[in-house]
Structures are given as C-alpha cells and as structure tokens.
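Observations on the model geometry
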Amino acid sequence: MASETEPQPVMTPGVEPSSGESHSPPASLPNDGIWDRKGKNVSNSDWNDAEANKLPEKVKELDKKGELPKDTERKRVVVVGLGMVGIAFIEKLMKYDVKRREYDVIVIGEEPHLAYNRVGLTSFFQHREVENLYLNPKEWYSSMPEGSLNYHLNTMVTEINPQDKVVKTSSGQSVPYDILVLATGSDAVLPRHTPGHDAKGVFVYRTIDDLQKLIEFSSTRKGTTGAVVGGGLLGLEAAHAMMDLEDFAQVKLIERNRWVLSRQLDGDAGGMVVEQVRALGLDVMLSKRVGKILTTDDNSVKGVVFEDGDEMECACICFAIGIKARDELARKAGIKCADRGGGIVVAPDLATSAPDIYAIGECASWENQTFGLIAPGVEMADVLAFNLTQAKAHSPRKFKRPDLSTKLKLLGVEVASFGDFFADRDGPKEMPGRQRAEKKEGINGTRDKVKSLTDGPAPPPVKALTYKDPFQQVYKKYIFTMDGKYLLGGMMIGDTKDYVKLVPMVKNQKQLEVPPSEFIVGAQKGDDDGDDLDDDTQICSCHNVSKGDVVTSVKDGTCKSIGDVKSCTKAGTGCGGCMPLVQTIFNKTMSSMGQEVKNHLCPHFEHSRADLWNIVYVKGLKEFADVMKECGTDPNSTGCEACKPTIASIISSLFNKHLLDKERRGLQETNDRFLANIQRNGTFSVIPRVSGGEITPEKLIIIGMVAKKYNLYTKITGGQRIDMFGARKQDLPAIWQELIDGGMESGHAYAKSLRTVKSCVGTTWCRFGIGDSVGMAVRLEERYKSIRSPHKIKGGVSGCVRECAEAQNKDFGLIATEKGFNIFVGGNGGAKPRHSELLAKDVPPDDVVPILDRYLAFYIRTADKLQRTARWMENLPGGIKYLQEVILEDKLGISGELEKQMEQLVGSFFCEWTEVLKDPAKKAWFNQFANTDETINDTIEPTKEREQERPSYWPKDSVTEDFRGTKWTELSWQPLVKAEEFKDAPTGDSRAIKRGDTQLAVFKVKGKWYCTQQMCPHKRAFVLSDGLIGDDIANNKLWVSCPYHKRNYELGGENAGRCANDESVNIATFPVEARDDGWVYVKLPSVEELDGVLGTEKFKIKKSETTDPFEALDRKLEAMKMKGRKGIAASHLEGGLGQRGKAAMILAGGERGAGGLDW
Ligand SMILES: Cc1cc2nc3c(=O)[nH]c(=O)nc-3n(C[C@H](O)[C@H](O)[C@H](O)COP(=O)(O)OP(=O)(O)OC[C@H]3O[C@@H](n4cnc5c(N)ncnc54)[C@H](O)[C@@H]3O)c2cc1C
Ligand code: SF4
Ligand code: FES
C-alpha cells in the first residue's frame, strides 16, 4: 500500500492533451483499411469496453446514492504506456473496481496524447485531428471517482526499481507502486543494417507523430514516387494511405515473398489479392529485397538498390516490415525477457519474473510469442483486471492462445483468414474432441516417423475444400478434419460474409451438423413459421388437420381463440407437438384480418396481465377491490379463481405486502393461503429453504428432529432441498417456529416465486471448477427469495461447462467461464421443456446481479398470467436479441428503473412465516375448524412404505352420488359458528366447520352467507372451504373453485351445488343465516342423518380400496431373486444398530445404544 508520506503523483505541467472535447469519428472516414472484425470506420469509443463508456454516468449515479466507497484502503497501480492496451486495462479495472474502490491508478505515457486509436491511425490522413482518434475524451478521465485515475503524458518511464517498488520518469519523478503494469507496446522496425536507413524521407508507420512527419515530408515531394517496404497488413494499409495522399505520382509496394499477406494467406489467395490491388493502381513488386537506400548529397532518399541488383527511383520510403516489442525498460530492471524475438516473458496470469509486475499487450511474450494485434492485448488487459478485482468469487483467469482470425478490406478487396488457416500447410495446431488422439498418429506420431522414411512425410490429417471463381475474384478455402466433422480454419477472398458464422464454429469446436459442401454451396432454407406452407399441408398428423383447416376456421369467424381452434379442428389435441405451428398460423391469420390476439386475464378484466401490472403500478393500487373498481368489467365483482391470484401476485411483486393480510388472504391460492404446499390428503408439505443446496449438519439435525416430532415423511427434492410431507394445517405454525428458532426458514415451494437456485460444487470442492457456483447460488437465492412473479422461477449455477447443476434448464442459469459467468435465460418451461438461451457472455461476478435484476423485473412486468419465462421468451418479439437490447443495451431506457424496482423488492423482504407467528389473528387461520379445536385427521388412510408413512393412493373414480338432490327427512336451524370468525373482505371469506363427523364449508361473500359440504366429490378431498370464490354478476352466479383441480361449484341460486365444469359431480348446500346473537345458523338434518350421508369416516380413502402398482413388478423381482429391496434400514454389520438405534445413539450424545430420543 502506498503510504501517505510518499510523493503523490501530479499531472505533468504543460503536456496536457491539446483537446479532449470530442471522441466521435468524422463522418467521412473511409470504409476500407480494416484489419479485423472491428471496422476502422467504427467510432473510437467502440474500441472501448462498452461498459467503460458508460462509467462516468455510473460513477455519478453511485456518487449520488452515496455508494462510492470513500475511505477504503487503496492500492496503487502504476501503468507504463498509455496505448491501446494500457487504456483497455485501465477501463476494465475501473469498471470492475468502481463499487469496491480497491485501487488507484497512475498511468505514465511517453506520447504527448491521451490514449488513441492506433488501429484507426490511417484515418488521420483525412481529418488530421488528434482528438478524433482519442479512445476516451478528456472528460472521461476526470469523471472517474476522485483520486482513482491520474495520468502523466509526454513522460517516459526510464527505470524500474522492483526492490523498492518505485519507477523513475524522464521528468525526474519517482512514483511508487503496489502493482506495476507494463504496457509499452512495440516499436516499428527500421532496418538499421541497411545503408541509408537514416536518410531524410525514411519513415515508419506507428504513431501520430510518424504520420505527421510523413504528411509534412510528402507535401514537399509532390509528383515523385513513394515506396512502401513490406506487403503485410500494415504495408498494404500504408500504401493505400500514401496513394490517397495524392502527393506521389505513383506508389510502389515492395514485398520479398511471392505474394502479399503471406502471414495470412496461401499462394493462391495472396496471388488473387495481388491481382486485385494491382488493378486498383498499386504497383506491387514481388520477390524483391531492399539492399541499399540511395541518397542525395543532403542525405535525402533518391531510390533503392535491390539485392538482385535492380534499382528503383523514389523520394520517400515507408518501412512496414514488422514490429519489435518494447522490452528495454524491463530488461534494464532485470525482468526476464525472451531471447529470441524479444518481449517481456509473462506467465498465464500475465505476471513477469518480478513480484507485482505484470506485462500486457504487444510488449508481452507469452509462450515465446508476441502478438501484433489488438485483440490479444485487450484480452490480456481483461484477464489482469479481472484477476485483480474478481478472483475472490471466481478462480483466477489465465491468458490462453488467442484467436488470430483476421478480416480486412484493403484497397477495396475483402480478405479474411480464420482459425488454424495454415493447418493444411503446417499441420493442425490443435485437434478438436476425440480427433486429438488421431492427430498423434498423423504427422507427429511414431508410426508416421517410420513411414516417412519410406514414403516421405505423411500429409497433415486434414482435408481442405477449395472454391475459386476467377470471374468474381472469389476464393474460399475451408479446412476440415479428415472425416469432415470439424472445421479447423480457412481463408476467403472477395466474399467474406460467412466469416462471422465460421469463426465461432472453429472456436467452439462443435461437431458440424451439415456436410462440408454446404459451407460453399449453401443449404435449402427450412420453413418454420408456416408462411411458406401450402394450405393443404398437414400440420397436425394426430388428427390430420391441414394449415387450410386452421386458417378457414379462423377466417370464417368460427374460432376466435387458440382454444377454439383446438376444440373445433382438434389440431394440437393429440401429442401437442404441432402447437407452436398452430399458434403461429392462428396468430398470423388473426393479424392478417386486422384482429388482435386477445390475452385478457378473465371475464372480469379486459386486460392482459402486463397491462394490469402497468395500471396497478402507475395508479399505485394496493388492494384488489381498488383494481376491480379501476379497471374491472364490473366494479363490484368479487373476481374469480383466475384474476384473484394474478392480481395478488402483481400487488405482491410491486408492494411486497403480507399475503395473509385480511384484504389479501382471500385472493390467494390454497398454497399461498397457508404458506405451504397442500397435498393429496389435505395436509401440507414444508420445505425449509436451503439456499444453493448448502446446509450445515446442525440444520440437517433440526430438519430431522422436526420431521420426527411431527411424523413427517421426508424426501430430497430435485431442487436440492428436503421436503417434509404430511404436516397438518394446525401444526404448521409450530413447525415453522421450530425451524425459525434454529436459524432456518420455511421455503417457498408453493408460491409463484423463486424456488431454488441449484448449484454444483464448483470451486468449493470440484477439481474442474472454475467458478464459485455455490457461493453465487447462495447469493442469488437469498437475493430473489420471496419475490412474487407470474410463474415459479428456478435458477441454477454450474461451476464449469460440465454443467452438473443443469443451469441451462432453468429460468435463469449461470455457467462459470474463464472470464466470469455466461448467463442463460428462459429455460425450463414445464410441460414443454425448453433449453435456455445465452443472454450475456463472460459476465464478471460483480455484474451478474444487475443483469438478473433487470431480466427478472422485466419478466415480472411484461409476462402473461401464469406464463413461464420459456413461453414469455418465445413470445417476445425479437426473442433473445430483443431481450439483450433491453437488458444489456438499455434500448428502452428502463434498465435503471428495472434495477430500482428489484432493489425495492429485495429491500422490503420479511419472513412471511415469522409474521404469522407474531400475529395471533393470522395464526388463527391455521385452526382446522372455526367452531372447535377438535380435529379430523387422516382422511386418507396412511400406508407404511420404506419405513415412512404416506397417504394411500387415490381411487380412480369420483363420488358421483347426487348430494345436491339428497332428500333430507327434516332440517332445523343449528347455531354452528360465531359470525366474528369471518372477515368482511371484498374477496369473500370461508371456514371449515365440524359437526359430528361431517365437515362443512361456510362462506361469507359481500354480507351474504352460503354453506356447502366440505368434500369435493372428485377425489373425496375435504378442501372446499380453502377454494377461491368467483362470481359472474351479470348472470347472478357465485361459485367456489376446488383448490385441487378447479371444479367450480355454485354456492347459491337455483343451481346451488351444481358443478359447472364436471357434470358427474355435485355437492350438497344448506340454508344459512347470521343472527343477532352473533351466531351463524345453518339449517341441517340431525347429526346422525348428516353423518350418514356426508360423514368423514364414510368417505375416508382406505388402503384396501387402492391397488399397489408395483405388485406385478415385485413378484417378478422376487422370482428373479433380486435382493435390492432388502436391508435398507438394517445394519449389515454384526450387532449393528440399524437406522433407528444409530440415530438415537447419536442424539443421546454418542454412546452406543444409550437412551436418547424415543424413535
Ligand atoms: C497503422 C496501424 C494499424 C493497425 N491496425 C490494426 C488492426 O486493424 N487490427 C489489429 O488487431 N491491430 C492493428 N494494429 C496493431 C495495434 O494497434 C496494436 O496491436 C495495439 O496498439 C497494441 O497496443 P499496446 O498498448 O500494446 O501498444 P501501443 O498502442 O503501441 O501502446 C504502447 C504505448 O506505450 C508507450 N511507451 C512505451 N514505452 C514507454 C515508457 N518507457 N514510458 C512511457 N510510455 C511508454 C508508447 O509510446 C505507446 O504509446 C495496427 C497498428 C498500426 C500501427
Ligand atoms: S459443473 Fe460439475 S464438473 Fe463443473 S464445477 Fe460443477 S460439479 Fe465440477
Ligand atoms: S378434488 Fe379434484 S377438483 Fe376437487
């Protein structure tokens, strides 16, 4: 850490950049001279890290919110060289560090300018404005948090003292460092052994200064010949620039090889380029080496003599024969440099041989190579910045073999080479997948060595597919493995449009899905949106429905919804595989008729869920009744089982109110109403939260104790939790109490909200792990838990590409990469599974949360009712691309708002179970009956299986008894329950009542009372009082919807008891009224008669009623003498205690067999 007494850096006086006003490029930049993917006509700022461009706003915002850490202990990073890589490093460090503020940066640059776009240097010929090349405007530097970035320009670092951790500068200053980063780049090579190399008129092509001098000189030599030595990328670019200067009568390019661009192209391709550039007016001289530069008396260039004795006149020579890493500073300080080729030797983490000194960019030598391209340098910058800031939550990154693919447009000629483009000449550098083994047997293998003695060297184990069109001047060579299954690399001239598609194929090393020939001749376009289908094309093979059938049914008005299409044509009602196509055809036909495809919530709201979200949000409506008044079809309606939970979810996801507040309890589905999952027998399951699947032994013991105490069946879930089944409603608060007491919480296994974030073990334990998947999963689950959404959400984090957490099957999933995490979204999909899509690549750990915040908030806002992220993504116009624009590029300008929304939700978290324990009124909801503390348990007889109890299976058939038509002998008014047990909620209220052995459900809706049997005859489930109440005011209907399978029973009127959606079942209803004595009276038959018809015991599902589905299989296994089912609970050891004895012993304090719990 730099101490406070040490000299503080100052900006070198008088050498500030002349201007930093603008960093946008001039409108007239030429569209040629491109060396790679990034066109040189792109804005300079496009070379920057995209997020670094936005840093000033971010810093401002953080500052405004007071979130910029001010008093942290900061380390000093000194960067030598303010070139393209130096600035890339600074940008990335600033970006990663902005919220932590661990580092202050001082950069010292030899050139008099701020970091500029060397790649776009040639454009200087046109605009001659240095500021136009600035990668960041001057203000960018000053907008960084105070003290975090200082620069010295026109200052050379002359010495490094690694012992004292100080550098000395040409202006006499000593600057101490904690970390030193050398980004000194390269020098252009001048052939100092060639006589005349120091003459007037000899130039190189590297810096703004070089260009300024060349421009000035050439204006004094109008009409002469200009020469460029070197036919590589830079030479062609320099030659082009000199032609454009229009000072020279002609420009000659001198190349020692037989073709140009020999480092990128083979003879055929290079020859084709020569032909084309010659046609454009450049005089290319091949196989020529400059032996001597001829000079005049005043030492000005007048010509050259070639090694073959030829002579040529010229007044100006620009050398573009290569670059040499600037390692002199490091060498002087004793830092290890490469003997051959030069460069500061770096390890994969970019560390040099001296402690705390790193080297990046063209000056660094990695595996004996230096790189003269910007991309590897930027990657080095990223690796180093990442490791300095992110390596706490992620394993450190390493610099790997860079991709040297190049795409260029030189003098109007399109040229590209990608991947291992000389694999056919030099042999493949690497072989993909299983082919690696085969490679050994190829040119390098022993067998071939022997063979080569007789047959000569074996050809490289690759095959090249070549296409040459001399008319269009197009050449393509793609190199494949011998079996044609992998693309290794290639080159193209004239037509490079496939470059973007092919480069990732090479990088990913994925097996090809099409034969190699398709890369040249192309494939037929497939059809997937139905547009090109003829009307008689069969689209549903299960029911032989043609496209025309669907279109006609919509056009003639028969079908107005997709449901109509299904019931009318039967399309999609078989295997369902054709549904996406049917839906597309339906949507397209509707819109061709100018009709909107409606996605209204239900008859109570002529709005989609997304519209309602906006209405509720903008108008700040916090209660269901207010929403209904504001935009319901009937302002006085109670709503129904479709709109109530949806609006409850919207209100929760906006205002985060407790679900069981009086006004909202009646909106919740049964699970939400009891904050647990209702099961077949009317009991509940409790799934304690186990964030990221990580759990301590103590918590495991607590779960075991709770399960034991309440006789709960336990099972490990697919989401890495432990599910405890069979909890009675009335026991739920006590169970929560035990869990919360032990520092746990009951989890959301019920709500439409985040369930779990599954994790693999990642760097915590796994030998392959590169990211801390557990740590990330725990953080994400803790962040998003309890937030209500249109459907349930699941997450996953895998520590590497092996994907053990199956993160790509989740609503959001992270897979650790070398650089951070790839974020996938829109997976899962329930009944129709869907693989997720890549939203963002290589996101550093620090940036994962903002991206997920935006994504989830956007989904919550815009999804349809009960629409999973998978379907939502499928329906987003523009799909993942659009989502990327919204989430990553902020196309709609709402990302700040989305983050804020999520922040508010996260910030307002409360433990909903604790709130129940604290509030006696809420706790009272959990009594089984409103009129007595007596209970009725086990409405399904338990079956013991594998040492645990579960409810016996449901019988297949419903009870079809006509309860509605029961002829009671005599009915009389009975006071059953206190009226005060019912709340006057606009959504209605209901409770279960016990009378004798019969269970009844009493409802109070808008001051009116209703009473029905509690049992739904469909599955003999005693649950109706927990159902949602719905109404249709226009038709005077009121119903309760069974919480299990949504059979809707009318509560009043002449059809009271009728099931609206299943004719085979109906229920008994009874007259009911509240009287002045405070009691609710129900007109009922005698206890005996009622029990005789509706008694619980009578309908209890018995074990004997159901058949064991494994009976036949078990017999077979027995016959085969398979012992797999035995010995599960017993010990295989002699005198072993078995599971019960052992557990009792452990809990009793470790003494074998001693007392302990009574298991
Ligand atoms: C005309 C031209 C076109 C190019 N086009 C492309 C292209 O299309 N695609 C591509 O990938 N690459 C291209 N390149 C290469 C690319 O510009 C370089 O790879 C990149 O600039 C390297 O960045 P760097 O920071 O390592 O070095 P530089 O950008 O050279 O920066 C190093 C800086 O350090 C300074 N320095 C050195 N020693 C000291 C010291 N002791 N004290 C203080 N300062 C010091 C130097 O003055 C320099 O400013 C092109 C290069 C040129 C010249
Ligand atoms: S995904 Fe599998 S292999 Fe990779 S880190 Fe996780 S557990 Fe290890
Ligand atoms: S039990 Fe199935 S609808 Fe009620």
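Our subject is the structure that appears above.
Residues numbered from 1 in each chain as written. Chains lettered and ligands numbered in written order. Predicted model: local features only at pLDDT ≥ 70, side-chain atom pairs only at ≥ 80, totals over all residues. Heavy atoms only, no water.

1. Some details on the overall build of the protein
- Across its full length, the protein carries 37 helices and 50 strands.
- Sequence-distant contacts, at least 24 apart, represent 64% of the contacts inside the protein between residues at least 6 apart. (Helix = DSSP H or I, 4+ residues; strand = E, 2+ residues; numbered from the N terminus. Contact = heavy atoms within 4.5 Å.)

2. Considerations on the state of the cysteines
- The tally for this structure, following the rule as stated, stands at zero disulfides.
- The structure places no disulfide on Cys602, whose sulfur is separated from the nearest cysteine sulfur, that of Cys643, by 3.7 Å. (Disulfide = S-S within 2.5 Å.)

3. Regarding helix H7 (residues 233-245)
- When the terminal C-alpha atoms of H7 are compared, their 19 Å separation across 13 residues agrees well with the 18 Å that a helix rising 1.5 Å per residue should span.
- Summarising burial for H7: ten of the 13 residues are buried, a large majority.
- Inspection of H7 places Leu233, Gly235, Leu236, Glu237, Ala238, Ala239, His240, Ala241, Met242 and Leu245 among the buried residues, and these make up the whole buried set.
- Where H7 is buried, its residues contact helix H4 (124-127), helix H6 (208-218), strand E10 (225-229), strand E11 (250-254), strand E16 (316-319) and strand E21 (406-410).
- Backbone geometry just downstream of H7 places Glu246 in the positive-phi region, at approximately 60°. (Expected span 1.5 Å × (residues − 1). Buried < 20%, exposed > 50% of the residue type's maximum accessible area, 1.4 Å probe, protein only.)

4. A few points about the sheet that holds strand E40 (residues 989-995)
- Spatially, four strands are ordered E40-E41-E42-E48 in an open sheet, and the strand pairing comes out antiparallel. Single-partner strands in this sheet number two, and they are E40 and strand E48 (1069-1070).
- Here seven bridges tie E40 to strand E41 (residues 998-1005), and the two strands are oriented antiparallel to one another. For Arg995, the partnering residue across the bridge sits in E41 and is Thr998.
- Contacting E40, E41, strand E42 (1008-1013) and E48, helix H34 (residues 1087-1094) crosses the sheet at an angle of about 95° to E41. (Pairing = 2+ DSSP bridges. Axes fitted to C-alpha atoms, helices over the stretch in contact; angles between N-to-C directions.)

5. Section: the packing of helix H19 (residues 609-619) against helix H28 (residues 845-862)
- One way to put it is that H19 packs onto H28 with a least axis distance of 7 Å and a crossing angle of 100°. With respect to H28, the axis of H19 lies roughly perpendicular. Residues Arg609, Ala610, Trp613 and Tyr617 of H19 form the contact with H28, whose own contacting residues are Tyr859, Ile860, Arg861 and Thr862.
- Across the contact of H19 with H28, the residue classes break down as five nonpolar, one polar and two charged. (Parallel < 35°, antiparallel > 145°, perpendicular 65-115°, else oblique. Nonpolar A, V, L, I, M, F, W, Y, C, P; charged D, E, K, R; others polar.)

6. Overview of the sheet that holds strand E23 (residues 462-469)
- Strands sit in the order E21-E22-E25-E24-E23 across an open sheet of five strands; the sheet is antiparallel. In this open sheet, the two edge strands, each paired with only one partner strand, are E21 and E23. With strand direction ignored, the average angle separating the axes of adjacent strands in the sheet is 10°.
- Examined bridge by bridge, E21 and strand E22 (residues 413-419) share five bridges and lie antiparallel to one another. Note on E22: the bridge partner recorded for Leu408 is Val415.
- Along the sheet face, helix H8 (residues 267-279) touches E22, E23, strand E24 (474-481) and strand E25 (487-493) and points at about 20° away from the line of E25.

7. Regarding the nonpolar core
- Counting residues in each nonpolar core, the largest one holds 119 residues, and the members touching the most others are Phe89, Ile90, Ile160, Leu182, Leu261 and Ile360.
- With nine residues, helix H3 (residues 84-97) is the largest single contributor of residues to this core. (Core = buried A, V, L, I, M, F, W, Y, C linked by side-chain atoms within 4.5 Å.)

8. What to know about the environment of Cys631
- By the element assignment, Cys631 lies in helix H20 (residues 624-631).
- On the basis of relative accessibility, which here comes to 12%, the residue Cys631 falls in the buried class.
- Spatially, the C-alpha atoms of Cys631 and His607 are 8.4 Å apart, while their sequence positions differ by 24 residues.
- When sequence neighbours within four positions are dropped, the list of residues in contact with Cys631 reads Phe605, His607, Leu612 and Ile615.

9. Looking at the site of ligand 2
- Lining the immediate surroundings of ligand 2 are Cys760, Val761, Gly762, Cys766, Phe768, Gly769, Gly799, Cys800, Arg802, Glu803 and Cys804.
- Class assignment for the residues of the shell around ligand 2 results in six nonpolar, three polar and two charged. (Near = heavy atom within 4 Å.)

10. As for the pattern of salt bridges
- Evaluation of the coordinates by the stated rule reveals 69 salt bridges.
- The residue Glu102 makes a salt bridge to Lys392 at a minimum N-O spacing of 3.3 Å. One end of the pair, Glu102, is in the loop between H3 and strand E2 (103-108); the other, Lys392, is in the loop between helix H10 (374-390) and E21, and 290 residues separate them in sequence.
- On the basis of relative accessible area, Glu102 is assigned to the partly exposed category, the value being 21%. (Salt bridge = Lys/Arg side-chain N within 4 Å of Asp/Glu carboxyl O.)

11. Focus on the pairing of strand E35 (residues 820-825)
- With six of six residues buried, E35 is to be regarded as a mostly interior element.
- Sheet topology note: the strand E34 (residues 812-817)/E35 ladder contains six bridges and is antiparallel. Opposite Thr817, over in E35, you have Gly820 as the bridge partner.
- Turn length for the E34-E35 hairpin, with the two strands adjacent in sequence and antiparallel, is two residues.
- In this structure, E35 lies alongside strand E36 (residues 837-843), joined through four bridges in antiparallel fashion. Paired with Phe821 across the bridge in E36 is Val843.

12. Some remarks on the side chain of Asp178
- Looking at the secondary structure, you find Asp178 in the loop between strand E6 (174-176) and strand E7 (179-182).
- Lys165 provides the closest opposite charge to the buried, salt-bridge-free Asp178, at an N-O distance of 5.2 Å.
- At a separation of 2.7 Å, a polar atom in the side chain of Asp178 contacts the main-chain amide nitrogen of Arg76. (Lys, Arg positive; Asp, Glu negative; His and termini not counted. Polar contact = N/O pair within 3.5 Å; in protein donor to acceptor, adjacent residues only side chain to side chain.)

13. A word on the packing of H28 against helix H30 (residues 879-887)
- Relative orientation of the contacting elements H28 and H30 amounts to 120°, with a least axis distance of 10 Å. Taken together, the axes of H28 and H30 lie oblique to each other. Considering only the axes of H28 and H30, their crossing is right-handed. The residues of H30 that touch H28, namely those facing Ile851, Arg854, Tyr855 and Phe858, are Tyr882, Leu883, Val886 and Ile887.
- Residues of the contact of H28 with H30, tallied by class, amount to seven nonpolar, no polar and one charged. (Left-handed = near helix turned anticlockwise from the far one by under 90°.)

14. Concerning the packing of aromatic side chains
- As enumerated under the stated definition, the model contains 25 aromatic pairs in all.
- Ring centres 5.1 Å apart and planes at 70° place the aromatic pair Tyr141 and Tyr151 in the edge-to-face group. Residue Tyr141 is located in helix H5 (residues 138-142), and its partner Tyr151 is located in strand E3 (residues 149-152); the two are separated by ten residues in the primary sequence. Each member of the pair, Tyr141 as well as Tyr151, carries the same accessibility label: buried.
- Summarising the aromatic geometry, the rings of Tyr859 and Trp872 are spaced 5.2 Å apart at their centres and angled 65° between planes, so their arrangement reads as edge-to-face. (Phe/Tyr/Trp six-rings, centres within 6.5 Å; stacked < 30°, edge-to-face > 60°.)

15. With respect to the side chain of Ser218
- The topology assignment puts Ser218 in helix H6.
- The class of Ser218 is buried, set by a relative accessible area of 0%.
- For Ser218, the side chain forms a polar contact with the main-chain oxygen of Ile215, separated by 3.1 Å.
- Setting aside its immediate chain neighbours within four residues, Ser218 contacts Leu245, Asp247 and Phe248.

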